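Chain and residue survey
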Amino acid sequence: MLRATLKSLLARKLRLILSGLAVVLGVMFVSGAFVVTDTLSRSFDAVFASAYSTTDVGVTARPRVEVSEMEGEEVATPLPADTVDRIKTVPGVRSATGLVEADGARVIGSDGKVLSSAGPPRLGVAWTGADALVKLREGRGPAAADEIAVNATVAKAAGLKVGDRVGVLTLEPKKQFTLVGVFGFSGDRDSLGGAQQVAFTEPVAQKLMLGRTGVYSSVRVRAADGVTPAELRDRIGSALGSAYVVRTGEQLADENAADLQEGLSFFGRILLGFAGVALFVGVFLILNTFSIIVAQRTRELALMRALGASRRQVITSVLVEAVAIGLVAAVLGLAAGVGVGALLAYLFGSFAGGGLELASIAVPPAAVISAFVVGVVVTVIAAVLPALRASRIAPVAAMQDVATPDRPLTKLSVAGGVVTAAGAAALGVGLFGDGGLWLILGGVLVSFVGVALLTPLISRPVVALLGRLFSWSLPGRLGRLNSGRNPRRTAITAAALMVGIALVTGVTVVMDSAKSSLKAEAARVLKAQIMISGDQNGPRPPTYDPAVVRRAAQIPGVRAAAGLWNDQVLIDGEKQWVDATDDLAALAQTYGGSATLAALKDDQIAVSAPEAAKHGWQAGSTVTVQASRGEPHHYTVVATYPEDALPGSIMLPAAATRDFGIPQPVLGFVRLDDAIPVSAVLPQVKALVADSPEVSATDAAAFVDQQAATFDTLITMIQILLALAILIAVLGVINTLALSVLERTRELGLLRAVGLGRAQTMRMVTVEAVVISVFGALLGVTVGAGMGTAVARALKSDGITELVLPWTRMGTYLVLAALVGVIAAVLPAIRAARLNVLGAIAHD
């Protein structure tokens, strides 16, 4: 029986390829996710190990506000200069060097634009000279207050050379420096992991990067001979006390790498999630393939039963075929996954500025295990139902035709109705009761499964209706009848396409609704006609000189102008984002326009009414705020305001921004007097921000469009990632048609014999493919629109107040589905047209 199964499998190589291709693609995505995360993880491990190679022990102060890698950027607490002297007195210390290193040194390139970063930090450091790690390539290190050196990555990207005057943005507005040197790193590296570095003299670095002179961000300690880093760490820790964090260089490398792992793990989970969708779609393809195979092998399996094969042996025969396909697909998918992982790692390194030296590509055990588990398990699960069906074939079927009638849909339809009703009930409770978002998402998922089960029942009338669009010719009528002759097969093929399109449509509904809600809220609330802002392309938001707002307020025709700062702080010990402004009354005029608020004194705070109710605050309450820098401050609540009166729920005075991680405004609001056109003032505001190249002045409508464009970017990214699932669905259509052509060989021969031409045969197959594809897409946009509507309604309290159905996109999906049907029909149609008429009639 085993030999017969393997011979049958090898005799039908096309079936093997088509069946396994979906699994190959799914496994490729899964194993590729593990390969890319493993490669990047080891690459960053090497970067941090190199960065701390000259450090035996590192000393820092505990941060005022601890922030994880995913939450934002942590601001280091400065160490007093005398900390270095205290460390030097600890037995076993060979040397102790105070370091200044902080993110936020943005270089203005030769083109006048700020050198952007897609992830790696833009570090401002104090020049400590060349050593085993840092290698001077051109010029010298900075010696005067107006001199800098940059690493080779910055010099190349910004088009700089020694002797150039260079503008640099830091905690202070733009300052000009003379470039006196370019440096690299050991191993002929231009940077460490793509990081941009600007080296100042020590006093300048302290002032510009840490906010004041006489302090360091950390201390690098070298151990004396015979003293281990762990021993020295413990000695220094005992001498300094609990206010300091003392770690070995190896610990520092491991901890920095672990922080980055959080982001890489998130990236990996996203890839695995989309791989799961692709595999889910692949199950439909495999299920359909094996169902068709069982139908085609009815006589063969019946003969086996007649010769004595048991039901168990028949089941085993089908499952062995599934295991063989799964194993082959797993091997091919793993190999493809290694290639995809290597490509993604290369793209990631290029995206990071090209400074990340990638580790050698390796295949982690998780990739191998997941490839074979996923490949075999998914294939076998999809083949179980066809295997059970094959075991029920009676020996007498050997005397009947190969094609078998489709089974009744009663049980499947009842099951689908029950599941759909359960999902609808969960949705109802979630939307109109107290079930919450998770119950709604669960209801959406259950309803999705229910609709999939009902698809065979739905397919009969819908396919018949769609087919009438092509029934103007004989091939069209035949194609319509063929697409509806086996509802289960049509439904499973269409359901595979439905999954991908439903997910894309659902996400599009939510994103478009969010975008529309944002625009509607801005139109309702925002009173400023001119905005000062920039595109954030790194961990730090773009900033500008605070003097810009003061000057803008003096322009004739300007009613009010205000700047906005923000920071992540601790409020009574709880981490939270807060805002600050230089003029609370002006901000109220430029934003909500309705609240009348007085300027805040240095020890006063204003909060929104919901925020006050949440914390139990009222006028006169005292609030303790620990910003990213400095000591805790105590503020008195002096005002509450409606939620939409100001852009934040907690507003601090301008004096608080001195202790913010970024002590410069990130947004600016300018409101004009009535009847003053924007065109009369906007050029003047643009002139004011000319020395703040990270930002620009635009009219409010352009600013809102810029913010809303983020949603379009997300939609595009999701469409690209789900393209794999849709590709597998297309393969499903090709597979179904190809196997159907094999199944209907004799029928096609008879049609050709009675006068159906080759071109007509091809049109018949094409119509069948188009009808199935459009049916799947129609189901997808309908289910997706329903899913998206439910989620959008569930997020109403989170700001999605508008519901937008993307009719244009949904129409585009239907048109593309028809095109997909035409493309999918090419090979099966050619095969059908090339059938030898006499051979096809004699086919058994």
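Up top is the structure.
The following paragraphs examine the structure supplied in this document. Quick caveat, the model's predicted, so the values are computed rather than measured.

The rules behind these values
For every chain, the first residue of the written sequence is number 1, and numbering continues from 1 along that sequence. Local features in this predicted model are restricted to residues of pLDDT 70 or higher, and side-chain atom pairs are both shown and tallied only at a pLDDT of 80 or more, whereas totals for entire chains, interfaces and linings draw on every residue. Based on all heavy atoms of the structure, the side-chain values leave hydrogens and waters out of the count. Helix numbers and strand numbers start at the N terminus; a helix is a DSSP run of H or I with at least 4 residues, a strand a run of E with at least 2. Classification of residues uses two cut-offs on accessible area relative to the type maximum, computed with a 1.4 Å probe and protein chains only: under 20% is buried, over 50% is exposed, and between them is partly exposed. Contacts are assigned to residue pairs that have any heavy atoms within 4.5 Å of one another. For this analysis, a nonpolar core means a set of buried residues of the types Ala, Val, Leu, Ile, Met, Phe, Trp, Tyr and Cys, connected via side-chain atoms within 4.5 Å. Two strands qualify as a pair provided that DSSP identifies no fewer than 2 bridges between them. In this description, a line fitted to the C-alpha atoms serves as the axis of each element, helices being fitted only across the stretch in contact, and the angle between N-to-C directions of two axes falls anywhere from 0 to 180 degrees. Each patch is built from residues lacking any salt bridge and having more than 30% relative accessible area; the joining distance is 9 Å for like charges and 5 Å for nonpolar side chains (Val, Leu, Ile, Met, Phe, Trp, Tyr). To be clear on the numbers: accessible area is Shrake-Rupley with a 1.4 Å probe, and residue cover counts the displayed protein chains and nothing else. By definition, a salt bridge exists where a carboxyl oxygen of Asp or Glu is found within 4 Å of a side-chain nitrogen of Lys or Arg. Throughout, the arc means the angular range of directions from the helix axis out to the C-beta atoms. For classification purposes, angles smaller than 35 degrees are called roughly parallel, those larger than 145 roughly antiparallel, those between 65 and 115 roughly perpendicular, and all remaining angles oblique. Each crossing gets its hand from how the near helix is turned against the far one by less than a right angle, where anticlockwise is left-handed and clockwise is right-handed. When residues are sorted by character, Ala, Val, Leu, Ile, Met, Phe, Trp, Tyr, Cys and Pro go into the nonpolar class, Asp, Glu, Lys and Arg into the charged class, and all the rest, Gly among them, into the polar class. Stacked, edge-to-face and tilted are the three classes for Phe, Tyr and Trp ring pairs, Trp counted by its six-membered ring, which pair at centre distances within 6.5 Å; planes under 30 degrees apart are stacked, over 60 edge-to-face, the rest tilted. Positive: Lys, Arg. Negative: Asp, Glu. His and the chain ends are not part of the count. Charge coordinates come from a single atom per side chain, which is NZ of Lys, CZ of Arg, CG of Asp or CD of Glu.

This next bit is on the overall build of the chain. When you go through the chain residue by residue, the secondary structure sums to 24 helices and 23 strands. Principal axes of the C-alpha set define a box for the chain whose edges measure 95 × 75 × 50 Å. Looking at the chain residue by residue over its 844 residues, the buried ones come to 52%. Put simply, of all contacts in the chain between residues at least 6 apart along the chain, 81% involve residues at least 24 apart.

On to the nonpolar core. Among the nonpolar cores identified, the biggest contains 98 residues, and Val 281, Phe 290, Phe 448, Met 498, Ile 728, Val 765 and Val 783 are the most heavily contacted of them. Of all hydrophobic cores here, the second largest spans 45 residues; its members include Ala 105, Val 150, Ala 223 and Ile 236.

What follows deals with helix H5 (residues 202–210). Along an α-helix, residues three or four apart share an orientation, since each turn contains 3.6 residues. Within the sequence span of H5, burial applies to Val 204, Ala 205, Gln 206, Leu 208, Met 209 and Leu 210. The inward-facing, buried residues of H5 abut strand E4 (101–103), strand E6 (122–126), strand E10 (175–185), strand E11 (196–200) and strand E12 (215–216). Gly 211 sits one or two residues past H5 and shows a positive phi near 95°.

Read across the sheet, four strands follow the order E3-E13-E1-E14 without closing on themselves; strand pairing throughout is antiparallel. Since the sheet does not close on itself, it has two edges, and those belong to strand E3 (93–99) and strand E14 (244–248), each with one partner. Neighbour to neighbour, the strand axes of the sheet diverge by 20° on average, direction disregarded. Sheet topology places strand E1 (residues 57–61) next to E14; five bridges connect them, and they run antiparallel. Across the sheet, residue Ala 61 finds its bridge partner in E14, namely Tyr 244. The strands touched by helix H6 (residues 229–240) within the sheet are E1, E3, strand E13 (218–223) and E14, with E14 carrying the most contacts at an inclination of about 170°.

Let's shift gears to a nonpolar patch on the surface. A cluster of nonpolar side chains, Val 323, Leu 327, Val 331, Val 363, Val 368 and Phe 372, forms an exposed patch at the surface whose accessible area comes to about 400 Å². When contributions to the nonpolar patch are tallied by element, the ones reaching two or more residues are helix H9 (311–351) and helix H10 (365–391). The greatest single-element share of the nonpolar patch, amounting to three residues, is contributed by H9. You can see Phe 372 is positioned in helix H10.

A few words now on helix H18 (residues 678–688). Those residues of H18 that sit buried are Val 681, Leu 682 and Val 685. The arc that holds every buried residue of H18, seen down its axis, measures 110°, which confines them to one face. Turned more than 90 degrees away from the buried face of H18, the exposed residues are Ser 679 and Ala 687. Elements that come into contact with the buried residues of H18 comprise strand E15 (530–533), strand E16 (558–571), strand E22 (667–672) and strand E23 (696–699).

Counted under the stated rule, the structure contains 20 salt bridges. For the salt bridge of Glu 172 with Lys 175, the shortest nitrogen-to-oxygen distance reads 3.3 Å. Note that Asp 234 is salt-bridged to Arg 233, the shortest N-O span being 3.1 Å. With relative accessibility at 43%, the residue Asp 234 sits in the partly exposed group. Ionic contacts of the salt-bridge type, sharing partners, join the residues Arg 137, Lys 156, Asp 188 and Asp 190 into one network.

Right, let's talk about the packing of helix H14 (residues 487–525) against helix H22 (residues 807–824) for a bit. Contact geometry for H14 and H22: axes closest at 10 Å, N-to-C directions at 165°. As judged from the angle between their axes, H14 and H22 are roughly antiparallel. Relative to H22, H14 is oriented so that their crossing is right-handed. Residues Ile 501, Val 504, Thr 505, Thr 508 and Asp 512 of H14 form the contact with H22, whose own contacting residues are Arg 809, Met 810 and Tyr 813. Looking at the contact of H14 with H22 residue by residue, the class counts come to four nonpolar, two polar and two charged.

Residue placement: Asn 566 occurs in strand E16. Under the relative-accessibility criterion, Asn 566 is labelled partly exposed at 26%. When the C-alpha positions of Asn 566 and Met 651 are compared, they lie 9.2 Å apart, and in sequence the two are 85 residues distant. In contact with Asn 566, other than residues within four places in its own chain, are Trp 577, Val 578, Asp 579, Phe 660 and Val 666.

Taken as a whole, this structure holds four aromatic pairs when the rule is applied. Considering the side-chain rings of Trp 127 and Phe 183, the 5.5 Å spacing of their centres and the 50° angle between planes classify their relative orientation as tilted. Separated by 56 residues along the polypeptide, Trp 127 in the loop between E6 and strand E7 (134–139) and Phe 183 in strand E10 bring together distant segments of the chain. Ring plane angle 65° and centroid distance 5.4 Å describe the contact between Phe 177 and Phe 200, whose orientation is recorded as edge-to-face. Of the two residues, Phe 177 sits in strand E10 while Phe 200 sits in strand E11, which places them 23 residues apart along the sequence.

This part covers the packing of helix H21 (residues 758–794) against H22. Taken N-terminus to C-terminus, the directions of H21 and H22 make an angle of 155°; their axes are 7 Å apart at the nearest point. The orientation of H21 with respect to H22, classified from their angle, is roughly antiparallel. Remark: the crossing between H21 and H22 carries right-handed chirality. Residues Thr 766, Ala 769, Val 770, Ser 773, Val 774, Ala 777, Leu 778, Val 781 and Ala 785 of H21 pack against Met 810, Tyr 813, Leu 814, Ala 817, Ala 818, Val 820, Gly 821 and Val 822 of H22.

Residue position: Thr 55 is located in the loop between helix H2 (13–51) and E1. By relative accessible area, Thr 55 is classed as buried at 10%. Each residue touching Thr 55, except ones within four places of it in the same chain, is listed here: Arg 220, Val 221, Arg 222, Gly 249 and Leu 252.

Our next topic: a negative patch on the surface. Taken together, Glu 66, Glu 74, Asp 259 and Glu 262 make up a surface patch of like negative charges. Residue Glu 74 is classed as partly exposed on the basis of its relative accessible area of 40%.

Everything listed is a geometric property; what it means functionally is a separate question.
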